[in-house]
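Chain by chain, the residues:
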Amino acid sequence: MLPSSENMSEVELVEVAKPEDNEKNERCSQPLGEDELIRNEFNIWIFLKRNAFVILTMAGVAVGIGLGFALRHVNMSKRDIAYLTFPGELLLRILQMMVLPLVVSSLIAGISNVDRKDFGKIGLRTLIYYLVTTVIAAFTGIFLAVLIQPGKSSRHTSESSPTETQTVHSLDAFLDLIRNMFPSNLVEACFRKFLTVNPSSNSSGNTTNTPRAGTSDGINVVGLLVFSIAFGLILSSMGSEGKPLRDLFNCMNKAIMRLVSIAIWYSPVGIIFLLAGQVLKMTDAAEIGRDVGMYTLTVITGLMIHGCVTLPLIYLIVTRKNPLRFYGGILQALSTAFGTSSSSATLPVTLRCMEENLKMDKQVTSFMLPVGATMNMDGAALYEAVAALFIAQVNDMDFNFEQIIVLSLVVTAASTGSPGIPQAGMVTMMIVLSSTGLPTEDISLLLMVDWILDRLRTATNVLGDCFGVGVVQHLSRHELQTSSHSETNLVLEENPPSKSISIKME
């Protein structure tokens, strides 16, 4: 009887305990559901906070286009349109204000921090790779823009610009570029550049083709780029003596980066009024929309060709390895670059992907990737080349072969000094437009779709950096082996084997 009573008591205890357990489970399930709701709301808030600039930019584009179409029914004079676009004019002036300190501080800080010991054969191969891929990207964009001609059928927005460019011969423009590379006065280069002027052939005479030296307003960006590169190289070779000045430019670069990051938040407001004014000025809205769509398609096609054909082909020819495996190791870095729209912010993820996933040498990654985040901008070079020719086509300005060569050099130089932060392409785009004599106010056409193209070209920039590490490491494998052997010899000298072991071996 005792065992049966014990069994009964156990059964009773179990039966009594079941509803309590159910109540506890129900109580526990309720807060779990609330936690999930709170977690989802928190994730949505984080998403909105991270993508606030993109959302505001898209909203600014939509509001600006809507405002422009709403005001088309009102007969506004040119003065009224100028008043309406005043906030957008402030945006352009802010971008132009950032050009000089941004380019100079970014280039000097980036080049001066390169260690002279690392700047041997590996550094030379790195610079050659960066230069070659950037030039290829620029010519890819130029070829597609000339072939597709996305802005050829648009309206005439400027009558004075074509005549101004026709007065300067192509050879003179090329020589002016070389002259501007070596400005006679650095202070003057901050607001003026050299320009060869050919007198107009109004009067009948034999001296119509005699060129004369002149100047044009605007920053001599090419001369400042050459000086900044030379100055950075000298600073990097000075060692400890140049450290105070290197620290100054590093601090200045960080301060300018923060200033740009703050000032760029005004761009959604400026975009609203720039686009509204642009819609009011244009005669055929559908035609402009089609041209902007063709421009976007041209840039995306160029980025796809460069990222999926040119860079893998260079990697395959040099290393004789499968580039698809390379893509698999850097997918996280590419997705981070697309999400953050910043090659500098993607740098830690890129380093981890290259060193852990693809087992790249840390000597190469620690040198190439930080330099590439500042100097190697393949996507930016392609984008700027297409954008410059698009604006030229919109204004019925035909570029001949020599002017295209000059454009490619300007694009390569401007993209080299482009900082790896979001929306910095707008600043460097102002450099290209002002250097090639194109109207800067038409940048509002580019701002409509820049929020998506900025992410795509950032991913292309990071992809070029990663393929560069693979190419340079393969070409420098002998130097890396000798350096690793010397490191092991140093370790053996510091920790020599014990004498007892050597006697036993003998």
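All values reported here derive from a predicted model rather than from experimental measurement.

On to the confidence of the model for the protein chain, then. With 77% of its residues at a pLDDT of 70 or more, the protein chain has an overall mean of 76. Mean pLDDT values for the elements of the protein chain range from 39 in helix α6 (residues 160–166) up to 90 in helix α12 (residues 285–319). Contacts of residues 1–20 to residues separated by more than four positions or lying in other chains number zero contacts, the stretch itself having pLDDT below 50. A low-confidence stretch, residues 26–30 stays under pLDDT 50, and its non-local contacts, those more than four residues away or across chains, total zero contacts.

Here the focus is unusual backbone geometry. A negative phi angle is the norm for most residues apart from glycine, just as the trans form is the norm for most peptide bonds. Located in the positive-phi region is R320, a residue other than glycine, with phi close to 60°. With respect to the helices, strands and loops of the structure, R320 is situated in the loop between α12 and α13 (323–329). For R320, a relative accessible area of 72% corresponds to the exposed category. Positioned with a positive phi, K359 is a non-glycine residue whose angle comes to about 55°. The residue K359 is located in the loop between α15 (343–357) and α16 (362–375) in this model.

By the definition in use, this model includes three cavities of 30 Å³ or more. For the second largest cavity, the calculated volume is near 50 Å³. Contributing to the lining of the second largest cavity are S343, L347, T350, L369, A373, V462 and D465. Looking at the lining of the second largest cavity, the elements with two or more residues in it are α15, α16 and α21 (450–475). Examining the composition of the lining of the second largest cavity, we find that three residues originate from one element, α15, more than from any other. Split by residue class, the lining of the second largest cavity holds four nonpolar, two polar and one charged.

Let's shift gears to the nonpolar core. Within the largest apolar cluster, 100 residues are counted, with the highest numbers of intra-cluster contacts made by Y295, F326, M354, M429 and L446. Looking at which element gives the most residues to this core, the answer is helix α17 (residues 378–394), with twelve residues. When residues no more than four places from it in sequence are discounted, the contact partners of Y295 are P150, Y383, V386, A387, F390, L446, V449 and L453.

Okay, the packing of helix α14 (residues 331–340) against α15 next. Axis separation between α14 and α15 bottoms out at 9 Å; the angle between their running directions is 175°. Put simply, α14 runs roughly antiparallel to α15. Packed against α14, whose contacting residues are Q332, A333, T336, A337 and T340, the element α15 presents A345, T346, V349, T350, R352 and C353 at the interface. Of the residues belonging to the contact of α14 with α15, the class tally is five nonpolar, five polar and one charged.

Now for the pattern of salt bridges. Taken as a whole and assessed by the stated rule, the structure comprises five salt bridges. Two residues, K243 and D247, come together in a salt bridge whose shortest N-O distance is 2.9 Å. Of this pair, K243 and D247 both sit in helix α10 (residues 243–263), four residues apart, which is roughly one turn of that helix. Residue class for K243 comes out partly exposed when judged on its relative accessible area of 45%.

Between helix α5 (residues 121–148) and α17, whose axes approach to 8 Å, the crossing angle comes to 30°. Put simply, α5 runs roughly parallel to α17. As α5 packs across α17, the resulting crossing turns out to be right-handed. Residues Y130, T133, T134, A137, A138, T140, G141, I142, A145 and V146 of α5 pack against D378, A381, L382, A385, V386, L389 and Q393 of α17. Of the residues belonging to the contact of α5 with α17, the class tally is eleven nonpolar, five polar and one charged.

Conventions and cut-offs
- Residues numbered from 1 in each chain as written.
- Predicted model: local features only at pLDDT ≥ 70, side-chain atom pairs only at ≥ 80, totals over all residues.
- Heavy atoms only, no water.
- pLDDT = per-residue confidence, 0-100.
- Helix = DSSP H or I, 4+ residues; strand = E, 2+ residues; numbered from the N terminus.
- Contact = heavy atoms within 4.5 Å.
- Buried < 20%, exposed > 50% of the residue type's maximum accessible area, 1.4 Å probe, protein only.
- 1 Å grid on protein atoms, 1.4 Å probe; cavity = no way out; pocket = protein on both sides within 12 Å on 5 of 7 lines; lining within 4 Å.
- Points joined across faces, edges and corners; volume = space filled by probe spheres on them.
- Nonpolar A, V, L, I, M, F, W, Y, C, P; charged D, E, K, R; others polar.
- Core = buried A, V, L, I, M, F, W, Y, C linked by side-chain atoms within 4.5 Å.
- Axes fitted to C-alpha atoms, helices over the stretch in contact; angles between N-to-C directions.
- Parallel < 35°, antiparallel > 145°, perpendicular 65-115°, else oblique.
- Salt bridge = Lys/Arg side-chain N within 4 Å of Asp/Glu carboxyl O.
- Left-handed = near helix turned anticlockwise from the far one by under 90°.

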